[in-house]
Amino acid sequence: GKPDWQAWCREHPVRAGVDNRVLTFAAGVPERLRHEFMIGVQDAIDDELKFNAWGDLTRLATRLAGMGVESVLELEQAPAGSTGADMLMKRIQWSVEKTLVDTEAELARDVWRLGLLRRDGARQNLDLTTLTQPWLRDLFRDWAREALGTTRNVVYLNATLCQIRRLSESLRTRPDSGNDMTAVGRRDIEQFLMRLAGLASSGRIANVTHCDCVIMIRCVLRRARDRGLTAPGGLLDGLPDTFAVYE
């Protein structure tokens, strides 16, 4: 239902001289903007035991009321012109985006805004474009979608992307840059493993990173086959069985 701004303000009293302009703003703007503003302010206060940005809040509310916008998401920059108001505007916009996020649409993007998908995501991104082979990107996307719903944290997601990226970099040395999924095979795996061993022996990556990377690539490729992604009609239909890391 519609938010009860008056009731909310009674539960969260503000300093005298500030609340009047905020309440005037709340009553005089489109319903969506009023609702978005309340969502953002509530989140800001919930995140801070002592919220003290009422002055910036008032300036921001006053400027928004005079701009005729329907949503805070219409604005690329805060209209108030102060650092505090700019930061508050970004917090409100972020709160609204989290409230309105379409999870499937976000997961279809090539850059995931993890804070919209996970509470521990903060403002971190997961950039799948670093995997230049579309089929490898799809393979990781399928793994990551499942990992998001587990106890795996955001650090683990980023670390796994980094490990898959090493495979992507190795595949880019092929004449076709590794884009033809049906053409990769055992030789590409061997080249990747030799490349990885060379990085470890030269000290460019730690030995533990070397081991973790081999284990993760093995697990991700095995999982893809176990899930039927390489079966006829699957997401990775045509990926040769020889493209695998054996124990």
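Scroll up to find the structure this text is about.
A short tour of the structure in this document, coming up. (Residues numbered from 1 in each chain as written. Predicted model: local features only at pLDDT ≥ 70, side-chain atom pairs only at ≥ 80, totals over all residues. Heavy atoms only, no water.)

**What about the packing of helix α10 (residues 186-201) against helix α11 (residues 207-226)?**
Cut-off, in case you're wondering: What counts as an axis is a line fitted to C-alpha atoms, over the stretch in contact for a helix, and the angles between N-to-C directions run from 0 to 180 degrees. Think of it this way: any DSSP run of H or I at least four residues long counts as a helix, any run of E at least two long counts as a strand, and we number them from the N terminus. The cut-offs work like this: below 35 degrees is roughly parallel, past 145 is roughly antiparallel, 65 to 115 is roughly perpendicular, and the gaps in between are oblique. The hand of a helix crossing depends on one turn: near helix anticlockwise from the far one by less than a right angle means left-handed, and clockwise means right-handed. Residue contacts are counted whenever heavy atoms from the two residues lie within 4.5 Å of one another. Each residue is assigned to one class: nonpolar for Ala, Val, Leu, Ile, Met, Phe, Trp, Tyr, Cys and Pro, charged for Asp, Glu, Lys and Arg, and polar for all the others, Gly among them.
As a packed pair, α10 and α11 sit with axes 9 Å apart at the nearest point and diverge in direction by 160°. One way to sum up the angle between α10 and α11 is to call them roughly antiparallel. For the element pair α10 and α11, the recorded crossing hand is right-handed. Facing α10, whose interface residues are Ile189, Phe192, Leu193, Leu196, Ala197 and Ala200, α11 presents Asn207, His210, Cys213, Val214, Ile217 and Leu221. Partitioned by chemical class, the residues of the contact of α10 with α11 number 10 nonpolar, two polar and no charged.

**Things to note about unusual backbone geometry**
We apply this condition: Using a 1.4 Å probe on the protein chains alone, a residue whose accessible area is under 20% of its type maximum counts as buried, one over 50% counts as exposed, and one in between counts as partly exposed.
Even without glycine at this site, Ala122 takes up a positive phi of about 50°. Mapped onto the elements of the fold, Ala122 is located in the loop between α7 (114-117) and β2 (125-127). We note that Ser177 has phi near 60°; this positive angle belongs to a residue other than glycine. With a relative accessible area of 30%, Ser177 lands in the partly exposed category.

**Things to note about the packing of aromatic side chains**
Where we set the bar: Pairing of aromatic rings covers Phe, Tyr and Trp, the last counted by its six-membered ring, and requires centre-to-centre distances within 6.5 Å; plane angles under 30 degrees mean stacked, over 60 mean edge-to-face, and any other angle means tilted.
One pass over the full model with this rule turns up three aromatic pairs. Ring geometry for Trp135 and Phe243: centres 5.7 Å apart, planes at 80°, overall edge-to-face. On the criterion of sequence distance, the pair formed by Trp135 in helix α8 (residues 134-148) and Phe243 in the segment after α11 is long-range, its members being 108 residues apart. Among the aromatic residues, those joined into a ring-pair cluster are Phe140, Trp143 and Tyr156.

**Observations regarding the environment of Tyr156**
Position of Tyr156 among the secondary structure elements: in helix α9 (residues 154-171). Owing to a relative accessible area of 25%, Tyr156 belongs among the partly exposed residues under this scheme. Not counting residues up to four positions away in its chain, the partners in contact with Tyr156 are Trp143 and Met216.

**Let's talk about the nonpolar core**
Formally: To define a nonpolar core, start from buried Ala, Val, Leu, Ile, Met, Phe, Trp, Tyr and Cys residues and group those joined through side-chain atoms within 4.5 Å.
Core analysis: the largest hydrophobic core is formed by 40 residues, its most contacted members being Trp112, Trp135, Phe140, Ile217, Leu236 and Phe243. Within the residue set of this core, elements represented by two or more residues are α8, α9, α10 and α11. For this core, the leading source of residues is α8, giving eight residues. Once you skip the residues sitting within four places of it in the chain, Phe140 turns out to touch Leu126, Leu128, Leu131, Leu157, Thr160, Leu161 and Ile164. With 16 residues, the next largest nonpolar core counts Val29, Leu33, Leu64 and Met89 among its residues.

Coordinates in, geometry out; function isn't part of it.
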